[in-house]
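Spelled out from the first residue to the last, the chains are:
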Amino acid sequence: MRIDGQNLTISREGKTILHQVNFQLDSGRKLALIGPNGSGKSTLLRTLAGLEKEANAQLKLGGEPVDRLSKQQMATRVALVAQHSQLDMDLTVEALVRLGRTPYRGLFSAWSQQDTQAVELALEQTQLTQLRHYHWHQLSGGLQQRCQIARALAQQPDILLLDEPTNHLDIQYQLELMALIESLPMTVVVSLHDLNLAVNYCSDVLLLNHGKVVASGDPLAVITEERIASVYGVRSSICHQEDGDVHIAFQRR
Ligand SMILES: Nc1ncnc2c1ncn2[C@@H]1O[C@H](COP(=O)(O)OP(=O)(O)OP(=O)(O)O)[C@@H](O)[C@H]1O
């Protein structure tokens, strides 16, 4: 599903956090949202999820303004996995992932074959099938992160929004998660601090700084040594490897 945001502006306590952000992403694309701490990545993800009401008239999902969509329509279109997602109840992995099916079920409707298939697929995609009976409080931070991603996948949204999903993951699972993101059929917007993951796994990149878009488009057109120096204040060298991967090395001084 396509996303169109025009002049998205968000203010809190008199401070402008996002300044007239224009955001266009075609259906099925995978966009990495990058930028220094506090540049507005999480706020932009919340805005795209329709959670920042002041911007909803300027945001269209699948061509329809968000302020005209019902809560139920939004829940089948968009899933957001926030950073540091916590859980008040102590659910099993499977029970948590089943919650992803809530938008599709009426108050008294029975659990369907389609619900089962969506949950099983989400568990498999996140490699949680064997851990389905574990309880939330028994899980490491990385496994909790994977559970929240599985719940969002079970929701089968048209647009998946992920806020720093690789944060608590070991290197192997970071790469597996990025490969999964690359293979998903839906539109994905993922905030990342790791520029190597952004450049190697995403079709598009949007670079934010102080709530403004510095550049957006093709990853290698956006992520340049000059921009890394001007936005992050770090010297780097971008190397193109023989296997087609790109490696960005950072220098200490
Ligand atoms: N509830 C709030 N009230 C006031 N200011 C806020 C609030 N939430 C965020 N901000 C400010 O908005 C700016 C952008 O924050 P945001 O969390 O969107 O950035 P970010 O790029 O996701 O940061 P990080 O990489 O550290 O997660 C920051 O300066 C932050 O202090």
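Everything in this summary refers to the structure shown in the same document.

Parameters at a glance
Residues numbered from 1 in each chain as written. Predicted model: local features only at pLDDT ≥ 70, side-chain atom pairs only at ≥ 80, totals over all residues. Heavy atoms only, no water. Helix = DSSP H or I, 4+ residues; strand = E, 2+ residues; numbered from the N terminus. Buried < 20%, exposed > 50% of the residue type's maximum accessible area, 1.4 Å probe, protein only. Contact = heavy atoms within 4.5 Å. Lys, Arg positive; Asp, Glu negative; His and termini not counted. Charge placed at Lys NZ, Arg CZ, Asp CG, Glu CD. Expected span 1.5 Å × (residues − 1). Arc of directions from axis to C-beta. Polar contact = N/O pair within 3.5 Å; in protein donor to acceptor, adjacent residues only side chain to side chain. Salt bridge = Lys/Arg side-chain N within 4 Å of Asp/Glu carboxyl O. Phe/Tyr/Trp six-rings, centres within 6.5 Å; stacked < 30°, edge-to-face > 60°. Lys NZ or Arg CZ within 6 Å of the ring centre and 35° of its normal. Pairing = 2+ DSSP bridges. Axes fitted to C-alpha atoms, helices over the stretch in contact; angles between N-to-C directions. Core = buried A, V, L, I, M, F, W, Y, C linked by side-chain atoms within 4.5 Å. Near = heavy atom within 4 Å. Areas by Shrake-Rupley, 256 points an atom, 1.4 Å probe, with all protein chains shown as cover. Nonpolar A, V, L, I, M, F, W, Y, C, P; charged D, E, K, R; others polar.

### What about the overall build of the protein chain?
For step 1, the next point in the chain: The helix and strand inventory of the protein chain stands at nine helices and twelve strands.
For step 2, the next point in the chain: Scored against the burial criterion, the 253 residues of the protein chain give a buried share of 49%.
For step 3, the next point in the chain: When contacts within the protein chain are restricted to residue pairs at least 6 apart in sequence, those whose partners lie at least 24 apart make up 62%.
For step 4, the next point in the chain: Computing the positive centroid from 23 side-chain charges and the negative centroid from 27, the protein chain places the two 6 Å apart.

### What about helix α6 (residues 171-183)?
For step 1, the next point in the chain: Along its 13 residues, α6 runs 19 Å from first to last C-alpha, staying within 8% of the 18 Å computed at 1.5 Å per residue.
For step 2, the next point in the chain: Of the positions making up α6, those classed as buried are Y173, Q174, L177, M178, L180 and I181. All buried residues of α6 lie within an arc of 155° about the axis, which places them on one face of the element. Relative to its buried face, α6 has exposed residues pointing more than 90 degrees away, namely I171, Q172 and S183.
For step 3, the next point in the chain: The secondary structure elements touched by the buried residues of α6 are β3 (30-34), α4 (113-125), α5 (141-154), β7 (159-163), β8 (187-191) and α7 (195-201).
For step 4, the next point in the chain: Where α6 begins, one side-chain oxygen reaches toward the backbone nitrogen of Q172, 3.1 Å away; that side chain belongs to D170.

### Focus: the side chain of E164
For step 1, the next point in the chain: Tracing the backbone through its elements, the reader meets E164 in the loop between β7 and α6.
For step 2, the next point in the chain: There is no salt bridge for the buried E164, and the closest opposite charge comes from K41, which lies 4.6 Å off by N-O distance.
For step 3, the next point in the chain: Dropping the residues within four chain positions of it, E164 is found in contact with K41, Q83, Q145, S191 and H193.

### Details of the packing of aromatic side chains
Two measures describe an aromatic ring pair: the distance that separates the ring centres and the angle between the ring planes.
For step 1, the next point in the chain: In this structure the tally under the stated criterion is zero aromatic pairs.
For step 2, the next point in the chain: Its end group placed over the ring of Y104, R101 keeps NZ or CZ at 4.3 Å from the ring centre.
For step 3, the next point in the chain: Over the ring of Y173 we find R146, and its NZ or CZ is 4.1 Å from the ring centre.

### Some remarks on the pattern of salt bridges
For step 1, the next point in the chain: For the structure shown, the criterion picks out nine salt bridges.
For step 2, the next point in the chain: R2 is the salt-bridge partner of D26, the closest N and O atoms lying 2.3 Å from each other. Of this pair, D26 sits in the loop between β2 (15-25) and β3 while R2 sits in the segment before β1 (3-12); the two residues are 24 residues apart in sequence, bridging distant segments of the chain.
For step 3, the next point in the chain: Using a relative accessible area of 31% as the deciding quantity, one classes R2 as partly exposed.
For step 4, the next point in the chain: The salt bridge involving R46 is made with E52; its shortest N-O contact spans 2.9 Å.
For step 5, the next point in the chain: The class for R46 is partly exposed, based on a relative accessible area of 33%.
For step 6, the next point in the chain: Classification of E52 by relative accessible area gives buried; the value is 8%.
For step 7, the next point in the chain: Sharing partners across several salt bridges, the network here consists of R2, D4 and D26.

### Observations concerning the sheet that holds strand β5 (residues 64-65)
For step 1, the next point in the chain: Strand order across the open sheet formed by four strands is β2-β1-β4-β5, with antiparallel pairing between neighbours. Two strands lie at the open edges of the sheet, namely β2 and β5, each paired on one side alone.
For step 2, the next point in the chain: Two elements, strand β4 (residues 59-61) and β5, share two bridges in a ladder whose sense is antiparallel. Within the sheet, the bridge partner assigned to K60 lies in β5 and is P65.
For step 3, the next point in the chain: Together, β1, β2 and β4 form the strand contacts of helix α1 (residues 41-48), whose direction differs from that of β1 by roughly 125°.

### Focus: the nonpolar core
For step 1, the next point in the chain: In this structure, L160 and I223 are the most contacted members of the largest nonpolar core, which totals 52 residues.
For step 2, the next point in the chain: The greatest single-element share of this core, amounting to seven residues, is contributed by α5.
For step 3, the next point in the chain: Contact partners of I223, with chain neighbours within four places excluded, come to I34, L195, A198, V199, V205, I228, I238 and I248.
For step 4, the next point in the chain: Grouped together as the second largest cluster of nonpolar side chains are 25 residues, L18, L31, A55 and V78 included.

### Some words on the site of the ligand
For step 1, the next point in the chain: In the vicinity of the ligand lie 15 residues, with R12, G38, K41, S42 and T43 positioned nearest.
For step 2, the next point in the chain: The contact in question runs from an oxygen atom of the ligand to an N or O atom on the side chain of N37, over 3.0 Å.
For step 3, the next point in the chain: One of the side-chain nitrogen or oxygen atoms of Q83 is found 3.4 Å away from an oxygen atom of the ligand.
For step 4, the next point in the chain: When the ligand sits alone it has 640 Å² of accessible area, and the protein chains cover 66% of it.
For step 5, the next point in the chain: For the shell around the ligand, the residue count by class is two nonpolar, eight polar and five charged.

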